[in-house]
Structure formats: structure tokens, C-alpha cells
Amino acid sequence: MKYTCPVCGFKGLTEPAYDKQGNHSYEICPCCGFQFGFDDYDMRRENGSFLKPSESSIAYRKNWLADGAVIFSPECFPEHQQKANRVLKQHLLEQLKQINVHLFLS
Ligand SMILES: [Zn+2]
């Protein structure tokens, strides 16, 4: 059983990112590199204040996409869905749909 990353939509987590009690898995997503329970509390605004965990995953996703969707562990990601260690654009759109994020890439 694999679980979907709530940040990038990649179905490759060995544990749910958050369990029913809201505990974090501390797993690092092999696709986007987000670590549940760590990056949630590590994102800051420009003024230095911390983002809420719910805002952090959105901000992290935005940065990750802006950087070109670089795969954190390319060896753990399907080979035919990546190119130069980045998620193929067409696959990226499908992957993000899994978490209801709809992107329009040029
Ligand atoms: Zn991810």
C-alpha cells in the first residue's frame, strides 16, 4: 500500500503523511522532498515569522513547482515519468490532480 503526498500528489509514501490523530510520519516524500512534521514548521514569511502548517505545504508546493518540480529521489520515481531529474510536465499535471491542484502550465 502506497500513500499519496499531500504536497505534490505523488503516490509513493510508505506511510500516510498524517495519521488519524494528526501525527506526522516524518517521512520525506521521494518526489518533492517535503518532510512531514519538519517542513510543516520550517517555512517562514519574508518578515521571518513562521507559516502555519496548512500554509506551509502550499508555500512549499509553490516553490517546488517554481523550481521546475525537481525530484528529490529520482531512483524512487518511475523512470518513464521523469526527465533530467524533473517530473515530466504531462505527468505532473495528472499527479497534482490527485490532490485537487489544477495547474495550467504554458
Ligand atoms: Zn511530495
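The following paragraphs examine the structure supplied in this document. In this text, all values refer to a predicted model and were calculated from it rather than measured experimentally.

### With respect to helix α2 (residues 89-97)
Every buried residue of α2 is listed here: Leu92, Gln95 and Leu96. Considered in projection along α2, the buried side chains sweep an arc of 95° and stay on one side of the axis. Exposed side of α2, more than 90 degrees from the buried face: Gln90, Glu94 and Lys97 are the residues found there.

### Some thoughts on unusual backbone geometry
You will see that asparagine 85, though not glycine, has its phi angle at about 65°, which is positive. As for its placement among the helices and strands, asparagine 85 is situated in the loop between β3 (82-83) and β4 (86-87). With a phi close to 60°, asparagine 100 is a non-glycine residue in the positive phi region.

### Description of the nonpolar core
Of all hydrophobic cores here, the largest spans 18 residues; its most connected members are Cys5, Val7, Cys8, Cys29, Cys31, Cys32 and Phe34. Setting aside its immediate chain neighbours within four residues, phenylalanine 34 contacts Cys5, Val7, Cys29, Asp39, Ser57 and Tyr60.

### Concerning helix α1 (residues 53-66)
Its 14 residues give α1 an end-to-end C-alpha distance of 20 Å, which sits within 8% of 20 Å, the value for a rise of 1.5 Å per residue. When we look at burial in α1, the residues that qualify are Ser57, Tyr60, Arg61 and Trp64. Each buried residue of α1 lies within a common arc of 100° when the element is viewed along its axis, so the set occupies one face. Seen from the buried face of α1, the exposed residues on the opposite side, beyond 90 degrees, are Lys62, Asn63 and Ala66. Glycine 68 sits one or two residues past α1 and shows a positive phi near 100°.

The rules behind these values
- Residues numbered from 1 in each chain as written.
- Predicted model: local features only at pLDDT ≥ 70, side-chain atom pairs only at ≥ 80, totals over all residues.
- Buried ≥ 20, exposed ≤ 12 C-beta atoms within 10 Å, placed from the backbone.
- Helix = DSSP H or I, 4+ residues; strand = E, 2+ residues; numbered from the N terminus.
- Arc of directions from axis to C-beta.
- Core = buried A, V, L, I, M, F, W, Y, C linked by C-beta atoms within 7 Å.
- Contact = placed C-beta atoms within 7 Å.
- Expected span 1.5 Å × (residues − 1).

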